[in-house]
Amino acid sequence: SPTVRLVMFEAADIRDQFPALQRQVNGKPLVYLDNGASAQKPQAVIDAIVHYYGRINSNVHRGVHTLSQRATDAFEATRGKLQRLVNAEFEHEIIYTTGTTGSINLVAHGFRSLLSPGDEVVVSQLEHHSNLVPWQMLAQHTGATLRYIPILADGSLDLDEAQRLINPKTKLLAFNHISNALGTVNPVVKLTEWAHAVGACVVVDGAQGLPHRPVDVQAMGVDFYAGSAHKMYGPTGTGMLYGRTEWLEKLPPYQGGGEMISTVTMAQSTYAGLPFKFEAGTPNIEAVVGWGAALDWMNAIGMDSLMAHESDLMTYGSERLTAIDGLVLFGTAPEKSAVLSFGFADLHPYDLGTLLDQQGIAVRTGQHCTQPIMDRYGIPGTVRASLAAYTTVEHLDALVDGVQKAARMLL
């Protein structure tokens, strides 16, 4: 039978730090395998948010009084943590946004003034809709041409076709670090080098990258890298955009309002410097503070330990699932992370997911906001089990038992 080597932490002990994981669903202990959609929150994150509202609640950057200064300090401390997390050269290269979707839309909006008919934008067939629809909208607005890199049968990008598509007309290349639907880990450095060789800008959707891989934006060479707090044990409604300084200075502001201005008259306004040029209005302060606690929590475990743990679970889960008669595992690229996406030819994923929920097993079913991937395989969707620090071998055993039970009922 599959084996799992020991790692530097016990997932079962970590699980005790997550209040939501202590509950039952349909009379069964919760087996939460929907982390690719949103991870659960440790008590440390919940405590940080409660402390903010209970002790230092105030608007940031605008007050000389004590509460405002303390709120500002906590808010800006997270920016520094994010700078160190992704190894940005400057702290002002970290822009707070509403999430990965907001980050990508910020860049796409800015490029409206930089593209013309005849220019090309290259994306991949592997993208979440959030890293596809904004570029479609950009192409429609500017008259630029949108081209896409197809995926191979194993869920990896067709790199030969990618190299052909990236040409002197390419002004922007956008792709994800890790696929939310298949778990494919893309060759960020190689793709970035090809794009930069023709003078193109590189935008990376890191929603699934930040929770599961070390990220060094300088070593990668990317121009923009986007991420969300809620994928990495933090609150919903907040995210980040790393942007190389020269690119952030080229882009116009995304929104107008308070905080992002330098001077305002009735006739015109001038804009604040980075990062505030892109941070109009009162931000989601408590979520940013909670994100800082989540980053501390992840750092205490260590990315190497998290990767080793998830790698072991991926091996174990893949071997156990593929041993089930009739089950097809989608996404078998050589390098994968934290996602097991599967289905049966004669079984709709929704039906399977419903029966799993009745057994207390939470998975995601459907297209996962990646309809082009499902079209590539000619399927309506998949069942996706996505892993986290608190996932255990026993949870995967429960998943396998649940799938077998559901298949016997439905097939």
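Just so we're clear, the structure is a prediction, and the values are computed from it rather than from any experiment. In this convention, every chain numbers its residues from 1, walking through the sequence in written order. Local features are withheld for residues below a pLDDT of 70 in this predicted model, meaning they are given only at 70 or higher, and side-chain atom pairs are given and counted only at 80 or more; totals for whole chains, interfaces and linings count all residues. Hydrogens are left out, water is left out, and the side-chain values use all remaining heavy atoms of the structure.

A look at the overall build of the protein chain
- Secondary structure elements are defined from DSSP: runs of H or I of at least 4 residues count as helices, runs of E of at least 2 residues count as strands, and each element is numbered from the N terminus. Within the protein chain one finds 14 helices and 17 strands.
- Throughout, the radius of gyration refers to the C-alpha atoms, and the reference size of a globule is 2.2 Å times the residue count to the power 0.38. The globule rule puts the C-alpha radius of gyration for 411 residues at 22 Å, and the 22 Å found for the protein chain is close to it.
- Taking the principal axes of its C-alpha atoms as reference, the protein chain extends roughly 70 × 55 × 35 Å.
- Burial status across the protein chain gives 56% buried among its 411 residues.
- Across the protein chain, every contact between residues at least 6 apart in sequence was considered, and the portion connecting residues at least 24 apart equals 71%.
- Accessible areas in this description were obtained via Shrake-Rupley with a 1.4 Å probe; residue shielding takes into account the shown protein chains only. When the accessible surface of the protein chain is split by element, carbon and sulfur atoms take 51% of a total near 17000 Å².
- Computing the positive centroid from 29 side-chain charges and the negative centroid from 40, the protein chain places the two 4 Å apart. Remark: exposure states derive from per-residue accessible area (1.4 Å probe, protein chains only) relative to the maximum for the residue type, with buried under 20%, exposed over 50%, and partly exposed in between. Between two residues, a contact is recorded if the distance between any of their heavy atoms is within 4.5 Å. When charges are counted, Lys and Arg contribute as positive and Asp and Glu as negative, whereas His and the chain ends are disregarded. We put the charge of a Lys on NZ, of an Arg on CZ, of an Asp on CG and of a Glu on CD.

So, the pairing of strand 9 (residues 224-228)
- Among the 5 residues of strand 9, 5 are classified as buried, and the element is accordingly described as predominantly covered.
- Because side chains alternate across strand 9, one face comprises the buried residues F224, A226 and S228, and the other comprises Y225 and G227, equally buried.
- Strand pairing is defined by DSSP finding a minimum of two bridges between the two strands. Taken together, the 3 bridges between strand 8 (residues 201-205) and strand 9 define a ladder with parallel strand orientation. By the bridge assignment for strand 9, V203 is matched with F224.

Quick notes on helix 7 (residues 188-197)
- When helix 7 is considered as a whole, its buried residues turn out to be V188, L191, T192, W194 and A195. Viewed along the axis of helix 7, the buried residues span an arc of 160 degrees, placing them on a single side of the element. Among the exposed residues of helix 7, those oriented more than 90 degrees off its buried face are E193 and A197.
- At its buried positions, helix 7 is contacted by helix 6 (159-165), strand 7 (170-176), strand 8 and helix 8 (217-220). Here the arc refers to the set of directions running from the helix axis out to each C-beta atom.

Observations concerning the sheet that holds strand 4 (residues 94-97)
- In spatial order, the strands read 4-10-9-8-7-5-6; together these 7 strands make up an open sheet with mixed pairing. Only two strands of the sheet have a single partner each, and these edge strands are strand 4 and strand 6 (145-149). Sheet twist, expressed as the average angle between the axes of neighbouring strands with direction ignored, equals 20 degrees.
- Along the sheet, helix 4 (residues 100-110) makes contact with strand 4, strand 8, strand 9 and strand 10 (239-243), crossing strand 9 at roughly 155 degrees. For helices, the axis comes from a line fit to the C-alpha atoms of the stretch in contact; other axes are also lines fit to C-alpha atoms, and the angle between any two N-to-C directions lies between 0 and 180 degrees.

Considerations on the side chain of S38
- By the secondary structure assignment, S38 is in the loop between strand 3 (31-32) and helix 2 (43-56).
- Using a relative accessible area of 16% as the deciding quantity, one classes S38 as buried.
- Not counting the four nearest positions on each side in its chain, S38 is found in contact with Y32, H230 and T236.

Some remarks on helix 10 (residues 285-301)
- Here, expected helix span is obtained from the residue count minus one, scaled by 1.5 Å. End to end, helix 10 covers 25 Å across 17 residues, agreeing with the expected 24 Å (1.5 Å per residue, within 8%).
- Immediately downstream of helix 10, the backbone of G302 shows phi near 100 degrees, a positive value.

Topic: a nonpolar patch on the surface
- Each patch is built from residues that are more than 30% exposed by relative accessible area and take part in no salt bridge. Like charges join if they lie within 9 Å; nonpolar side chains (Val, Leu, Ile, Met, Phe, Trp, Tyr) join within 5 Å. Counted as salt bridges are all cases of a side-chain nitrogen of Lys or Arg within 4 Å of a carboxyl oxygen of Asp or Glu. A cluster of nonpolar side chains, M409, L410 and L411, forms an exposed patch at the surface whose accessible area comes to about 310 Å².
- Summarising the element assignment, L410 is placed in helix 14 (residues 393-410).

Some remarks on the pairing of strand 17 (residues 382-386)
- With 5 of 5 residues buried, strand 17 lies mostly within the body of the structure.
- Side chains T382, R384 and S386 project from strand 17 onto one buried face, and the interleaved V383 and A385 project onto a second face that is buried too.

As for unusual backbone geometry
- Omega for the peptide link from L274 to P275 comes to 5 degrees, which places this bond in the cis form.
- Its location among the elements puts P275 in the loop between strand 12 (269-271) and helix 10.
- With phi around 70 degrees, Y233 is a residue other than glycine that occupies positive phi space.
- With respect to the helices, strands and loops of the structure, Y233 is situated in the loop between strand 9 and strand 10.
- For Y233, a relative accessible area of 2% translates into the label buried.

A closer look at the packing of helix 3 (residues 66-86) against helix 10
- Their axes nearest at 8 Å, the elements helix 3 and helix 10 cross at an angle of 45 degrees. Considered as vectors, helix 3 and helix 10 are oriented oblique to each other. Helix 3 and helix 10 meet at a crossing whose hand is left-handed. Note on element contacts: helix 10 touches helix 3 through I285, V288, V289, W291, G292, L295 and D296, opposite A74, F75, T78, K81, L82 and L85.
- Just so you know the grouping, Ala, Val, Leu, Ile, Met, Phe, Trp, Tyr, Cys and Pro go in nonpolar, Asp, Glu, Lys and Arg go in charged, and all remaining residues, Gly too, go in polar. Looking at the contact of helix 3 with helix 10 residue by residue, the class counts come to 9 nonpolar, 2 polar and 2 charged. With respect to orientation, any angle under 35 degrees is reported as roughly parallel, any angle over 145 as roughly antiparallel, any angle of 65 to 115 as roughly perpendicular, and every other angle as oblique. Should the near helix be turned counterclockwise from the far one by less than a right angle, the crossing is left-handed, whereas a clockwise turn marks it as right-handed.

Description of the side chain of T97
- Structurally, T97 can be placed in strand 4.
- Classification of T97 as buried rests on a relative accessible area of 12%.
- A polar contact is formed between the side chain of T97 and the backbone oxygen of G99, at a distance of 3.0 Å.
- A distance of 2.8 Å separates the side chain of T97 from the side chain of S103, its partner in a polar contact.
- Sequence-distant contacts of T97, that is, excluding residues within four places in its chain, are made with G102, S103, L106, G237, T238, G239, M240 and L241. For the purposes of these results, a polar contact is taken to be a pair of N or O atoms within 3.5 Å, where, inside protein, one atom must be able to donate a hydrogen and its partner to accept one; residues adjacent in sequence count only when each atom of the pair is a side-chain atom.

Regarding the confidence of the model for the protein chain
- What pLDDT conveys is the predictor's confidence in a given residue, as a value from 0 to 100. Per-residue pLDDT for the protein chain averages 95, and the proportion of residues at 70 or more is 98%.
- Element-level pLDDT for the protein chain is lowest in helix 1 (residues 11-15), with a mean of 86, against a maximum mean of 99 in strand 8.
- For the stretch residues 1-7, pLDDT sits under 50, and the model shows 11 contacts to residues farther than four places along the chain or on other chains.

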